[in-house]
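Chain by chain, the residues run as shown.
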Amino acid sequence: MAPSDDDDETASQATEDDPEIPSNGTGHPIPPPPDPEANGHQPQPSQNPEQPSNAGSSRPRPHYSLKHTLDGHTMAISAVKFSPDGTLLASCGWETVIKIWSPFTGEFIRNLSGHSKGVSDLAWSADSEYLASASDDTTIRIWTVDTGLTHRVLSGHLKEVFSLNYSSNSKLLVSGDCAGDVKIWNTKGKCMKTLHAHVDFVNRCSLQSGWNAHCILLSGWSYVCLPPFSIFSTPHLSSPSRIWNTSNGQCLKTMAEGHDAICQHVQFSPNSKYILSTAHDSSIRLWDYQSSRCLKTYQGHTNAKYCLCACFSVTGGKWIVSGSEDHKVYLWDLQTREVVQVLEGHNDVVVAVATHPTHNMIASGSIDGDLTIRLWEDSTTPVA
């Protein structure tokens, strides 16, 4: 959706304290991070981006610098994900293996091998014990990360599985494929429901528990299941958004949309009140979940071709973080929409970014001309 300038300028300021770091409501105690060997790591050279000026702004700004460069992938990277307890980083790409790293030392730990084709997406369980992977071989694998062994293989998709995500309590897993089908799985690997959601591939999916319902976000189209299992859709081209009741197919609500490009990536905020979306018009949008209103639009990066990831950073400040087709990583102030830092160092499109759950750390992954993962750290800003 491309909101008018008036929409942005008069948007509710209720986001001032949001997104918050959520309490651990999963039922799983989050263990402390390991005693990082990197406590004595050598200072990294300062970056040389054309950083935005601090002049005229009293708001705090991030000061990220390169901490580690991780080499090992042989084909384009598609996803990087920190474990919820912050002790591990998982990455995947067009090759068949998933790599596990230490985010504190940059050390490679192990490969997870078993897929026969490339891997597009990853999702951690809330207790950081299991990792789910979505592959072009049409399967989903659940891995026991400590052993590197396959715990379970989920079969049922007929086309390449492009995206997946656990619910916040890890009791459900949602996956989307290149045929537009979405499947919801339980912890035993049984497919509980299949939604024939779209005529095209599902770029990204996210599943959140709340309001006595499980909320599903998809891009290509984005869907949010509301009681009683209705679906909110944000189409990928300029057309209205509608809320549907999936039990009877009735359209419950229609909302005007203005997306001029395909919606590529969607994600809930940590407190589940907001939705972050990326699109091929080089814009990232923050939506109010309840009202379906676009509150803010973030611009300055380049996104016209690739499916780029954007995410929230809430450990040392409230930033929006995204990769870019100009080989950089961009950080925006969540409230002011100002670009507050640009991280340079990659040599190709940055498609994947992730933020650490407890430390001021960003992971970024790039494609063919680079093939590295870079870990950036802000050691000057106190952790909230």
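You'll find the structure just up there.
It should be emphasised that the depicted structure is a prediction, and the values quoted were computed from it without experimental measurement.

Caption draft 1: Geometry of the pattern of salt bridges. In total, this model carries 6 salt bridges according to the counting rule given. Linking Lys67 and Glu377 is a salt bridge whose minimum nitrogen-to-oxygen distance equals 3.8 Å. On the criterion of sequence distance, the pair formed by Lys67 in strand β1 (residues 65–70) and Glu377 in strand β30 (residues 373–377) is long-range, its members being 310 residues apart. Each member of the pair, Lys67 together with Glu377, is buried.

Caption draft 2: Inspection of the sheet that holds strand β11 (residues 172–177) at higher detail. Strands sit in the order β10-β11-β12-β13 across an open sheet of 4 strands; the sheet is antiparallel. At either margin of the open sheet sits one strand with a lone partner, and together these are β10 (161–166) and β13 (191–196). Strand-to-strand twist of the sheet, defined as the mean angle between neighbouring strand axes without regard to direction, takes the value 15°.

Caption draft 3: Focus on the environment of Leu89. Within the secondary structure, Leu89 sits in strand β3 (residues 89–93). On a C-alpha basis, the gap between Leu89 and Ile100 in space is 5.7 Å, while along the polypeptide they are 11 residues apart. Contact partners of Leu89, with chain neighbours within four places excluded, come to Leu70, Val80, Lys81, Phe82, Lys99, Ile100, Trp101, Pro103, Ala363, Ile373 and Leu375.

Caption draft 4: The side chain of Asn271, seen in detail. Looking at the secondary structure, you find Asn271 in the loop between β20 (263–268) and β21 (274–279). In this structure Asn271 comes out as buried when scored by relative accessible area, which is 17%. Looking at Asn271, its side chain comes within polar contact range of the side chain of Ser269, at 2.6 Å. For Asn271, the side chain forms a polar contact with the main-chain nitrogen of Lys273, separated by 2.9 Å.

Caption draft 5: Seen up close, the nonpolar core. Val80, Phe82, Leu89, Ile373 and Leu375 are the most contacted members of the largest nonpolar core, which has 18 residues in total. If you list the elements that add at least two residues to this core, you get β2 (77–82), β28 (350–355), β29 (361–366) and β30. Those residues in contact with Ile373 that lie beyond four places of it in its chain are His68, Thr69, Leu70, His73, Ile77, Val80, Leu89, Ser91, Trp101, Ser364 and Gly365.

Caption draft 6: Seen up close, the sheet that holds strand β25 (residues 319–323). On the basis of which strands lie adjacent, the open sheet formed by 4 strands has the order β24-β25-β26-β27 and antiparallel pairing. Two strands in the sheet have a free side with no partner beyond their single neighbour: β24 (310–313) and β27 (339–343). With direction set aside, neighbouring strand axes in the sheet form an average angle of 20°. Of the pairings in the sheet, the one linking strand β26 (residues 329–333) to β27 comprises 4 bridges and is antiparallel in character. Each residue of the ladder has a partner; that of Val329, found in β27, is Leu343.

Caption draft 7: Spatial organisation of the environment of Leu70. Among the structural elements, Leu70 can be located in strand β1. Sequence separation between Leu70 and Phe108 is 38 residues; the distance between their C-alpha atoms is 8.0 Å. Contacts of Leu70, omitting those with residues within four sequence positions, involve Leu89, Trp101, Gly106, Leu371, Thr372, Ile373 and Leu375.

Procedures and definitions
- Residues numbered from 1 in each chain as written.
- Predicted model: local features only at pLDDT ≥ 70, side-chain atom pairs only at ≥ 80, totals over all residues.
- Heavy atoms only, no water.
- Salt bridge = Lys/Arg side-chain N within 4 Å of Asp/Glu carboxyl O.
- Helix = DSSP H or I, 4+ residues; strand = E, 2+ residues; numbered from the N terminus.
- Buried < 20%, exposed > 50% of the residue type's maximum accessible area, 1.4 Å probe, protein only.
- Pairing = 2+ DSSP bridges.
- Axes fitted to C-alpha atoms, helices over the stretch in contact; angles between N-to-C directions.
- Contact = heavy atoms within 4.5 Å.
- Polar contact = N/O pair within 3.5 Å; in protein donor to acceptor, adjacent residues only side chain to side chain.
- Core = buried A, V, L, I, M, F, W, Y, C linked by side-chain atoms within 4.5 Å.

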